[in-house]
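So you can see what is in the structure, the chains are spelled out below.
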Amino acid sequence: MEMIEFEHPIARDFVTRLRRKNTPPVQFRAYASRLAYLLAVEATRDLSTVPAKIETPLEDTLGEVLVDPPIIVPILRAGLGMLEAFQDLLPDSQVAFIGMTRDEKTAEPVWHYSSLPNVAGRKVIVLDPMLATGGTAAAVMEYLFEKKASDVILVSVIAAPEGIARLGVFDNLRVITVCVDRELDSNWYIRPGLGDFGDRLYSDGI
Ligand code: URA
């Protein structure tokens, strides 16, 4: 596993806006989406292009077009807050959804829904903004690599050391995050964190 802490002042500023408890859902959604554009640029820097002949208004020339667009997989619900940005930058990508919740007693993931296509030989970008215990992310990685995905990028906003450590066993995985926070608390929330990302997006935000 390769870990990238995305270093950018605007990204750190946006995470701070997301962390503030008084940021209402309408603004939280806007900040999450704008931050996701920055992260999408980082997550896609190694994609391949092929030359393409084009005509400008003045002459023929060679451009470049993306090939083999990755499959985008937001983990429900929180990952939805980053989806639009990734789709905007990767308009030809397939999108598949995985729905998981965390068993509140054990913190282990429970699968509810998956619409994954054949991922064999494909690049996959997984959107999971809060990498906490890593239980959900590890279950998703096990599934994707068992189905022979070629490589996976997990895009998060805040990660806990525990979650990063749990993903250390996977090859062909790159984890991108903006901040590595201090720890998980006894309810498996990231501290200092920003609370529940899904609630902050879609609920009253507290
Ligand atoms: N998921 C969240 O939304 N927040 C946390 O702190 C941990 C997991």
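Fair warning: this is a prediction, and the values are worked out from it, not measured in the lab. (Residues numbered from 1 in each chain as written. Predicted model: local features only at pLDDT ≥ 70, side-chain atom pairs only at ≥ 80, totals over all residues. Heavy atoms only, no water.)

A. Geometry of the overall build of the protein chain. Across its full length, the protein chain carries six helices and 14 strands. Along the three orthogonal principal directions, the C-alpha set of the protein chain runs to about 65 × 40 × 25 Å. For the protein chain, the share of sequence-separated contacts (at least 6 apart) that also reach a separation of at least 24 residues comes to 63%. Counting only carbon and sulfur atoms, one obtains 50% of the accessible surface of the protein chain, whose full area is about 10,500 Å². Positive and negative side-chain charges in the protein chain, numbering 21 and 29 respectively, have mean positions lying 6 Å apart. (Helix = DSSP H or I, 4+ residues; strand = E, 2+ residues; numbered from the N terminus. Contact = heavy atoms within 4.5 Å. Areas by Shrake-Rupley, 256 points an atom, 1.4 Å probe, with all protein chains shown as cover. Lys, Arg positive; Asp, Glu negative; His and termini not counted. Charge placed at Lys NZ, Arg CZ, Asp CG, Glu CD.)

B. Main features of the environment of K147. Position of K147 relative to the elements: it lies in the loop between α4 (135-146) and β9 (151-155). If near-sequence neighbours (up to four positions away) are discounted, K147 is found in contact with V119 and A120.

C. A look at the packing of aromatic side chains. A complete count under the given rule lists four aromatic pairs for this structure. With a centroid separation of 4.9 Å and 70° between ring planes, the pair formed by F28 and F197 is classed as edge-to-face. You can see F28 sitting in helix α2 (residues 25-43) and its partner F197 sitting in helix α6 (residues 197-202), a full 169 residues away along the chain. Here the two residues F28 and F197 agree in accessibility, since each one is buried. Ring geometry for W111 and Y143: centres 5.5 Å apart, planes at 50°, overall tilted. Residue W111 is found in strand β6 (residues 109-114), and its partner Y143 is found in helix α4; the two are separated by 32 residues along the sequence. Note on W111: relative accessible area 36%, which makes it partly exposed. (Phe/Tyr/Trp six-rings, centres within 6.5 Å; stacked < 30°, edge-to-face > 60°. Buried < 20%, exposed > 50% of the residue type's maximum accessible area, 1.4 Å probe, protein only.)

D. Region of the structure containing the site of the ligand. All residues in the neighbourhood of the ligand are listed as R102, M130, A132, W188, Y189, I190, G195, D196 and F197. A distance of 2.8 Å is found between a nitrogen atom of the ligand and a backbone nitrogen or oxygen belonging to G195. Between F197 and the ligand, the recorded distance is 2.7 Å, taken from a backbone N or O atom to an oxygen atom. Taken by itself the ligand offers 240 Å² of open surface, and the protein chains cover 89% of this. When grouped by side-chain class, the residues that make up the shell around the ligand number six nonpolar, one polar and two charged. (Near = heavy atom within 4 Å. Polar contact = N/O pair within 3.5 Å; in protein donor to acceptor, adjacent residues only side chain to side chain. Nonpolar A, V, L, I, M, F, W, Y, C, P; charged D, E, K, R; others polar.)

E. Seen up close, α2. In a regular helix each residue adds 1.5 Å, so 19 residues correspond to 27 Å; α2 covers 25 Å between its end C-alpha atoms and thus fits that length. Among all positions in α2, only P25, F28, Y31, A32, S33, L35, A36, L39, A40, E42 and A43 are buried. (Expected span 1.5 Å × (residues − 1).)

F. Inspection of the nonpolar core at higher detail. L18, L35, L39, F86, V155, V157 and F197 are the most contacted members of the largest nonpolar core, which has 39 residues in total. Put simply, the parts of the chain that give this core at least two residues each are α1 (9-19), α2, α3 (80-89), β7 (123-127), β9 and α6. With sequence-adjacent residues up to four places away left out, V157 is seen in contact with V15, L18, L35, L39, M82, P129, T177, V178, C179 and F197. With 27 residues, the next largest nonpolar core counts V73, I98, L154 and F170 among its residues. (Core = buried A, V, L, I, M, F, W, Y, C linked by side-chain atoms within 4.5 Å.)

G. Structural view of the sheet that holds β6. As summarised here, the arrangement of the seven strands in space is β1-β11-β9-β7-β4-β5-β6, forming an open sheet in which the pairing is mixed. This sheet does not close on itself; its edge strands, each paired only once, are β1 (2-5) and β6. For this sheet the average axis-to-axis angle between neighbouring strands, irrespective of direction, equals 20°. Packed on one face of the sheet, α3 meets β4 (71-76), β7 and β9 and runs near 165° to β4. (Pairing = 2+ DSSP bridges. Axes fitted to C-alpha atoms, helices over the stretch in contact; angles between N-to-C directions.)

H. Examining α4 more closely. In this model α4 runs 16 Å from its N-terminal to its C-terminal C-alpha over twelve residues, within 8% of the 16 Å that 1.5 Å per residue would give. Turning to α4, its buried residues number three or more, namely G135, A137, A138, A139, V140, M141, L144 and F145. Positive backbone phi, at 70°, marks K148, one or two positions downstream of α4.

Any link to function would need more than the numbers given here.
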